[in-house]
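Commentary on secondary and tertiary structure
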Amino acid sequence: MKVGIACPYSWDVPGGVQVHIRDFTEELTSRGHKVSVLAPGEDDDDLPPYVTTVGRPLAIPYNGSVARVAFGPRIAARVRRWLLDGDFDVVHVHEPASLSLGLITTLWAEVPIVATSHSAMRRSRAMSAAQGLLKSAFEKFTAHIAVSEEARRTVVQHLGVDAVLIPNGLFVDRFAVPVREEWRSGDGTLSFLGRLDEPRKGLQVLLKAWPAIHDAFPKARLLVAGRGEIDDIRRGIEPRHRDAVEFLGGVSDDDKAAMLASSDIYVAPHIGGESFGIVLAEAMAAGAPVLSSDLEAFQAVLDGGRLGALVPVGDSSALADEAIALLGDPARRARYRAAASLGVRRYDWSRVADEVLAVYEMAVAVGSGGHTFKLPGLP
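Here's what I pulled together on the structure shown here. (Residues numbered from 1 in each chain as written. Predicted model: local features only at pLDDT ≥ 70, side-chain atom pairs only at ≥ 80, totals over all residues. Heavy atoms only, no water.)

A few words on empty space enclosed by the protein. Applying the stated criterion across every chain yields a total of three cavities of 30 Å³ or more. In this structure, the second largest cavity encloses a volume near 40 Å³. Along the walls of the second largest cavity sit H20, H92, T116, I145, V147, I166, P167, V352 and V356, which together make up its complete lining. For the lining of the second largest cavity, the per-class residue count stands at six nonpolar, three polar and no charged. (1 Å grid on protein atoms, 1.4 Å probe; cavity = no way out; pocket = protein on both sides within 12 Å on 5 of 7 lines; lining within 4 Å. Points joined across faces, edges and corners; volume = space filled by probe spheres on them. Nonpolar A, V, L, I, M, F, W, Y, C, P; charged D, E, K, R; others polar.)

So, on to the environment of A281. Summarising the element assignment, A281 is placed in helix α11 (residues 278-286). Accessibility expressed as a relative area gives 0% for A281, which makes it buried. In this structure, the C-alpha to C-alpha distance between A281 and A340, residues 59 residues apart in sequence, is 8.4 Å. Non-local contacts of A281, meaning those with residues more than four positions away in its chain, are made with L170, V301, V344 and Y347. (Helix = DSSP H or I, 4+ residues; strand = E, 2+ residues; numbered from the N terminus. Buried < 20%, exposed > 50% of the residue type's maximum accessible area, 1.4 Å probe, protein only. Contact = heavy atoms within 4.5 Å.)

The next point concerns helix α14 (residues 330-343). Compared with the 20 Å implied by 1.5 Å per residue over 14 residues, the 20 Å span of α14 between its first and last C-alpha is a close match. Within the span of α14, buried status applies to R332, R333, Y336, A339 and A340. Down the axis of α14, the buried set is contained in an arc of 135 degrees. They therefore lie on one face. Those residues of α14 that are exposed and angled more than 90 degrees off the buried face are R335 and L342. Among the structural elements, β13 (265-268), α11, β15 (309-311) and α13 (316-327) are those in contact with the buried residues of α14. (Expected span 1.5 Å × (residues − 1). Arc of directions from axis to C-beta.)

With that settled, consider helix α7 (residues 203-216). Look at α7: 20 Å from first C-alpha to last across 14 residues, which is about the 20 Å you get at 1.5 Å a residue. If you look at α7, its biggest bend is around 40 degrees, right at W210, and the proline P211 turns up within four residues after that. (Bend = angle between axes of the 7 residues up to and from the residue.)

Below, the discussion takes up the sheet that holds strand β11 (residues 221-225). In space, the six strands of this open sheet follow the order β12-β11-β10-β13-β14-β15, with parallel pairing throughout. Looking at which strands have only one partner, the edges of the open sheet turn out to be β12 (245-249) and β15. Sheet twist, expressed as the average angle between the axes of neighbouring strands with direction ignored, equals 20 degrees. Pairing of strand β10 (residues 189-193) with β11, which is carried by five bridges, proceeds in the parallel orientation. Across the sheet, the residue bridging to T189 is R221, located in β11. Along the sheet, α13 contacts β10, β13, β14 (290-293) and β15; its crossing angle with β15, the most-contacted strand, is approximately 160 degrees. (Pairing = 2+ DSSP bridges. Axes fitted to C-alpha atoms, helices over the stretch in contact; angles between N-to-C directions.)

Below, the discussion takes up unusual backbone geometry. The backbone of D87 sits at a positive phi, close to 45 degrees, despite the residue not being glycine. Among the structural elements, D87 can be located in the loop between α2 (73-86) and β6 (90-94). Although it is not a glycine, D303 sits at a positive phi angle of roughly 55 degrees. If you trace the backbone, D303 turns up in the loop between α12 (296-301) and β15. The exposure class assigned to D303 is partly exposed, which follows from its relative accessible area of 40%.

Further remarks concern the pairing of β12. Of the two faces of β12, only one is covered, namely that formed by V245, F247 and G249; the face formed by E246 and L248 stays uncovered. Both β11 and β12 contribute to a ladder of four bridges, which runs parallel. Looking at the pairing, L223 lines up with E246 of β12.

Attention now moves to a negative patch on the surface. Taken together, D12, D43, D44 and D46 make up a surface patch of like negative charges. When you line up the elements, D46 lands in the loop between β2 (34-39) and β3 (51-53). (Patch = residues over 30% accessible without salt bridge, like charges linked within 9 Å, V, L, I, M, F, W, Y side chains within 5 Å. Areas by Shrake-Rupley, 256 points an atom, 1.4 Å probe, with all protein chains shown as cover. Salt bridge = Lys/Arg side-chain N within 4 Å of Asp/Glu carboxyl O. Lys, Arg positive; Asp, Glu negative; His and termini not counted. Charge placed at Lys NZ, Arg CZ, Asp CG, Glu CD.)

This part covers the environment of K135. Here K135 shows up in helix α5 (residues 131-138). For the pair formed by K135 and V161, sequence separation is 26 residues and the distance between their alpha carbons is 8.8 Å.

Another point: the nonpolar core. One finds Y266, L280 and M284 to be the most contacted residues of the largest nonpolar core, which totals 38 residues. Residue contributions to this core peak at seven residues, all from α11. Once residues lying within four places of it in the same chain are set aside, the contact partners of M284 are V290, V301, L302, L307, A340 and V344. Listed in part, the 31 residues of the second largest apolar core include L203, F247, I265 and A318. (Core = buried A, V, L, I, M, F, W, Y, C linked by side-chain atoms within 4.5 Å.)

Enumeration according to the criterion identifies five aromatic pairs in this entry. Measuring from centroid to centroid gives 6.3 Å for W11 and Y50, while their planes differ by 85 degrees, and the two rings are edge-to-face. Placement of the pair is W11 in the loop between β1 (2-6) and α1 (16-30) and Y50 in the loop between β2 and β3, with a sequence separation of 39 residues. Since its relative accessible area comes to 21%, Y50 is described here as partly exposed. Through a chain of ring-to-ring contacts, the aromatic side chains of F24, W349 and Y360 assemble into a single cluster. The positively charged end of R174 is found above the aromatic ring belonging to F171, 3.9 Å away from the centroid. (Phe/Tyr/Trp six-rings, centres within 6.5 Å; stacked < 30°, edge-to-face > 60°. Lys NZ or Arg CZ within 6 Å of the ring centre and 35° of its normal.)

So, on to the pattern of salt bridges. If you walk through the whole model with that rule in mind, you get 28 salt bridges. The closest approach of N and O atoms between R152 and D162, which form a salt bridge, is 2.7 Å. Separated by ten residues along the polypeptide, R152 in helix α6 (residues 149-159) and D162 in the loop between α6 and β9 (164-165) bring together distant segments of the chain. In this structure D162 comes out as partly exposed when scored by relative accessible area, which is 39%. R195 is the partner of E198 in a salt bridge, and the nearest nitrogen-oxygen pair spans 2.4 Å. Classification of E198 as buried rests on a relative accessible area of 6%. Classification of R195 as partly exposed rests on a relative accessible area of 31%. One salt-bridge network, held together by shared partners, links R195, E198, R200, K201 and E274.

And the structure:
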């Protein structure tokens, strides 16, 4: 099958959607499918051979973060050329409600279109303002996927269409890596991963809880990975607790897996704006017991607390208490680790890709333009 995938965000800026598309493309290619990805960005010798760029993106605020997207007449011409040259059997548009490549690709494509929505938003002025245009474009979708119930609810609420639930994927076995002894601690190692300049990732909640955790376990350490301004954050930590916090900056995929594998607890104190929580699944795959805020998306990944511990959103005291309890209870951490090692298999690309390919095959069978279909078992 020849598949064209439209990525809404700049390829050279790390992000969950880009990683999702990259890994899914790798899985499809390994199965013999031909895949081309269109994304914002400049031509670069380091780009994978399957990526075609359309030019410099613009940075705009989106869902509590900053999205780097591409839009406009010049971009539209490049999209049309990519579609003509690709002669795809199916086109897969990610984040179709964003004013970026996905919307342009949808308007131009004359083959079956599958869309995947990743974001969860209770309210969106941009989506409300563009509702007419988006509904017109969405009528061209042959099938729509949402990565979580939260993402599905956003699509239903703002655009009145439904979606098949297929979660994000990861290569589970790639997270089975050795621990790094330099990151270990006698009292336990906690870790956090997320962009430091995004309040919704909740680092401020964790750092507020850290003094109590460190007082209870003086030899414990906290690893913080993610891009952002470190100096101001470090100065905000009480001096006697500061040296036990190590800022790693942006990390490679290998370093991320090693950090998670070396952690006694992975902490996800996010306060909102999350539709899935792939990093929780990554921690589970690496063998790190998870402690997270009880966002609906995180509850789903942790099966309501069966695969990891949950605390109220934004509650630093509860986070500290639960972290202290987990550090003091190796048997409970072992139970989480064992259950999560089985539960996380649901997200392996070997399974998730099968589900997406089933949607592709149905979309091709139905054809393009204004058609809809339902998978067995859906209402």
